[in-house]
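Now for the letters of each chain:
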Amino acid sequence: GRKSAAGPRLAGAGTRGRLDIDAGSGGVEVRDASGARLNIDNGSGSISLTDVQSESCLIDTGSGGVTGGGVQCGTLSVDVGSGSVRLDRIRSTDVTVDAGSGGVSLSFTAAPKGLTVDAGSGRVTVALPDGVDASVDIETGSGGITSDFPVRTTRVQRNSLRGTIGDGAGR
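Analysis parameters
- Residues numbered from 1 in each chain as written.
- Predicted model: local features only at pLDDT ≥ 70, side-chain atom pairs only at ≥ 80, totals over all residues.
- Heavy atoms only, no water.
- Disulfide = S-S within 2.5 Å.
- Helix = DSSP H or I, 4+ residues; strand = E, 2+ residues; numbered from the N terminus.
- Buried < 20%, exposed > 50% of the residue type's maximum accessible area, 1.4 Å probe, protein only.
- Core = buried A, V, L, I, M, F, W, Y, C linked by side-chain atoms within 4.5 Å.
- Contact = heavy atoms within 4.5 Å.
- Polar contact = N/O pair within 3.5 Å; in protein donor to acceptor, adjacent residues only side chain to side chain.
- Pairing = 2+ DSSP bridges.
- pLDDT = per-residue confidence, 0-100.
- Salt bridge = Lys/Arg side-chain N within 4 Å of Asp/Glu carboxyl O.
- Axes fitted to C-alpha atoms, helices over the stretch in contact; angles between N-to-C directions.

Before going further, it helps to examine the state of the cysteines. Here the structure, examined in full by the defined rule, presents one disulfide. Covalently, Cys57 is tied to Cys73 through a disulfide, its sulfur atoms 2.0 Å apart. Around the S-S axis, the bridge from Cys57 to Cys73 shows a dihedral of about -70° and counts as left-handed. Taken together, the positions of Cys57 in strand 5 (residues 47-63) and Cys73 in strand 6 (residues 66-82) put the pair 16 residues apart, joining distant regions of the chain. A relative accessible area of 2% means that Cys73 is categorised as buried.

Right, dumping it as structure tokens:
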């Protein structure tokens, strides 16, 4: 179904099938939803996702944070103009997060094949399970880079790190 609203809060719980939400302002909360596609476009306000399963999840808010857990999407795309992104228990093959300002914190139950995070300002933290295989290319405008995984480096500079974790199968 498609929902459209402008106001303080829009909530969806227990939905099945395709879900499109277009909100002008106010918070959006989606819980226990599954289907082929989840598309949330919020002009201004927070987005909360809990126990969501979909082949494709497209999450976009102009200002306001994106939070939640138990997100299982074949592809997951999160675009936040201003606000933080904090998602845990993510299981997704391909993840893209673009945050203009605000921190990004992602915690995965299984390593994705592809992960791209672009943050204009704010700390980026990515928690991955043991046994990750990936090629990594990390750059920061300011601040440091740390990894709990052993990285075979091909380039290390003050604000950038390029290398391989495990066999380098992911990105």
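This next bit is on the nonpolar core. Within the largest apolar cluster, 28 residues are counted, with the highest numbers of intra-cluster contacts made by Val30, Ile40, Leu49, Ile59, Leu76, Val78 and Leu87. Looking at this core, the elements with two or more residues in it are strand 3 (19-23), strand 4 (27-44), strand 5, strand 6, strand 7 (85-99) and strand 8 (104-108). Dropping the residues within four chain positions of it, Leu49 is found in contact with Val30, Leu38, Ile40, Ile59, Thr67, Gly68, Gly69 and Val71.

By secondary structure assignment, the location of Asp20 is in strand 3. Judged by its relative accessible area of 9%, Asp20 falls in the buried class. Side chain to side chain, Asp20 and Arg18 meet in a polar contact 2.9 Å long.

Another point: the pairing of strand 3. Burial runs high along strand 3: four of the five residues are buried. The pairing of strand 3 with strand 4 spans five bridges and is classified as parallel. Paired with Ala23 across the bridge in strand 4 is Asn42.

What follows is about the confidence of the model for the chain. For the chain, mean pLDDT is 89; residues scoring 70 or higher make up 91% of the total. The model gives residues 1-10 a pLDDT under 50, and that stretch makes 31 contacts with residues more than four places away or in other chains.

It is possible for side chains bearing opposite charge to pair when their charged atoms get close. Here the structure, examined in full by the defined rule, presents eight salt bridges. Its salt-bridge partner being Asp20, residue Arg18 comes within 2.9 Å of it at the nearest N-O pair. For Arg18, a relative accessible area of 46% puts it in the partly exposed group. Two residues, Asp51 and Arg89, come together in a salt bridge whose shortest N-O distance is 3.6 Å. Of this pair, Asp51 sits in strand 5 while Arg89 sits in strand 7; the two residues are 38 residues apart in sequence, bridging distant segments of the chain. In the salt-bridge network here, residues are joined through shared partners; they are Asp137, Glu139, Arg155 and Arg162.

Let's shift gears to the side chain of Asn159. With respect to the element layout, Asn159 can be found in the loop between strand 12 (152-157) and strand 13 (160-165). Within the structure, the side chain of Asn159 is placed 3.4 Å from the side chain of Arg158, a separation counted as a polar contact.

Within the secondary structure layout, Gly68 lies in strand 6. Apart from the residues within four sequence positions on either side, Gly68 is in contact with Leu49, Arg86, Leu87 and Asp88.

This part takes up the environment of Val52. Looking at where Val52 falls in the secondary structure, it is placed in strand 5. For Val52, a relative accessible area of 1% corresponds to the buried category. As a C-alpha pair, Val52 and Ser34 span 18 residues in sequence and 5.8 Å in three-dimensional space. Each residue touching Val52, except ones within four places of it in the same chain, is listed here: Val30, Ala33, Leu38, Cys57, Gly70, Val71 and Gln72.

What links the strands of a sheet is backbone hydrogen bonding, and the strands pair in either a parallel or an antiparallel sense. Ordered by their spatial adjacency, three strands build an open sheet running 11-13-12, and the pairing between neighbours is antiparallel. Only two strands of the sheet have a single partner each, and these edge strands are strand 11 (134-139) and strand 12. For this sheet, the mean angle separating the axes of adjacent strands, direction not counted, is 5°. Bridge count for strand 11 against strand 13 is six bridges, and the pairing is antiparallel. For Ser135, the partnering residue across the bridge sits in strand 13 and is Thr164.

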